[in-house]
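Spelled out from the first residue to the last, the chains are:
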Amino acid sequence: MSLLQIEGISKAFGGVQAVQNVSFRLQAGELLALIGPNGAGKSTTFNMVGGQLAPDRGRVLLAGRDITGLPPRAIWRLGVGRTFQIAQTFASLTVAENVQMALLSADRRIFSWWPRAAGHRRADALALLEQVDMQAQAGRPCSELAYGDVKRVELAMALAHDPRLLLMDEPTAGMAPGERVALMQLARRIAQERRMGMLFTEHSMDVVFGQADRVAVLVRGQLLAQGTPQKIRDDARVQQAYLGTGLVRERTA
Ligand code: ADP
Ligand code: MG
């Protein structure tokens, strides 16, 4: 059984068919890159998996269980974590405190108890920070971190409730090329260690073709192709859709 199975989901906004009859599967431990030009429907697809949007048609199954249209919090409790394009951390709190907040939330404690809960699962928070190579900066306020380091903290926070599936919508947006590859190599290692599935969107073709196990290509709301990075790179329709972009340049270089 697939960890995630998407069956013919569609979503329209007024007259715009943002996502149209899209189906794909993702296995535990697998990294699937969902790629496509701006406006292709990637974020809308993510939002239908995470519960921020309900599909007009189709089904979303998590390990065989129908989660279509459930609210985000319910889907999160079933083991679907996500990171956002804009890093969401509390700038005034330290790195470790941010992860402790995420652990509190995973334990369903109330945020307003924070002053009394500053010692909450400190060791677990530090262990999560170790996984993202941020333990040395545990005591620094997030406001002082480099952007790439904030993204690592955000990844540790997303891992706090031990998700089975992690959704990452443009996790490397705003990062330098070398940092992008490093963050996704780290994410890949963590996904494999935990047998966690990862669905991510990404514009850097170095990251997509270097890190993804499989690639799904969306164009104008429809799934154009899916397969191994090699198969996608060699697909004439995909090259046509990406004409003039890095995908084609990289191939002909
Ligand atoms: P991507 O993430 O691939 O760039 P999106 O899923 O954000 O694409 O958008 C797909 C299409 O749906 C675009 O035409 C976009 O303008 C439209 N769209 C997305 N969200 C909304 C919304 N909340 N209301 C109206 N139109 C939207
Ligand atoms: Mg988007």
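Residues numbered from 1 in each chain as written. Chains lettered and ligands numbered in written order. Predicted model: local features only at pLDDT ≥ 70, side-chain atom pairs only at ≥ 80, totals over all residues. Heavy atoms only, no water.

1. Side note on the site of ligand 1
Neighbouring residues of ligand 1: Phe 13, Val 16, Ala 18, Pro 37, Asn 38, Gly 39, Ala 40, Gly 41, Lys 42, Ser 43 and Thr 44. Between ligand 1 and Ala 40 there is a distance of 3.2 Å, counted from an oxygen atom to a backbone nitrogen or oxygen. The separation between an oxygen atom of ligand 1 and a polar main-chain atom of Gly 41 is 3.0 Å. Protein coverage of the free-state accessible area of ligand 1, which is 560 Å², stands at 57%. Broken down by element, the residue count for the shell around ligand 1 peaks at three residues, all from helix α1 (residues 42-50). (Near = heavy atom within 4 Å. Polar contact = N/O pair within 3.5 Å; in protein donor to acceptor, adjacent residues only side chain to side chain. Areas by Shrake-Rupley, 256 points an atom, 1.4 Å probe, with all protein chains shown as cover. Helix = DSSP H or I, 4+ residues; strand = E, 2+ residues; numbered from the N terminus.)

2. Let's talk about the packing of helix α5 (residues 147-159) against helix α6 (residues 177-194)
Axis angle and axis distance: for two packed helices, these are the angle between their axes and the distance between the axes, and together they describe the pair. α6 packs onto α5 with a crossing angle of 15 degrees between their chain directions and a minimal axis gap of 11 Å. One finds that α5 runs roughly parallel with respect to α6. The two elements α5 and α6 meet at a crossing, and its hand is right-handed. When α5 is examined against α6, the residues Gly 148, Lys 151, Arg 152, Leu 155 and Leu 159 are found in contact with a partner set consisting of Glu 179, Ala 182, Leu 183, Leu 186, Ala 187, Ile 190 and Arg 194. In terms of residue class, the contact of α5 with α6 is made up of seven nonpolar, one polar and four charged. (Axes fitted to C-alpha atoms, helices over the stretch in contact; angles between N-to-C directions. Parallel < 35°, antiparallel > 145°, perpendicular 65-115°, else oblique. Left-handed = near helix turned anticlockwise from the far one by under 90°. Contact = heavy atoms within 4.5 Å. Nonpolar A, V, L, I, M, F, W, Y, C, P; charged D, E, K, R; others polar.)

3. As for the pattern of salt bridges
With the rule as written, the count across this model stands at 12 salt bridges. With a closest N to O distance of 3.7 Å, Asp 66 and Arg 59 form a salt bridge. Under the relative-accessibility criterion, Asp 66 is labelled partly exposed at 38%. On the basis of relative accessibility, which here comes to 35%, the residue Arg 59 falls in the partly exposed class. Via salt bridges that share partners, Glu 7, Arg 59 and Asp 66 belong to a single interconnected network. (Salt bridge = Lys/Arg side-chain N within 4 Å of Asp/Glu carboxyl O. Buried < 20%, exposed > 50% of the residue type's maximum accessible area, 1.4 Å probe, protein only.)

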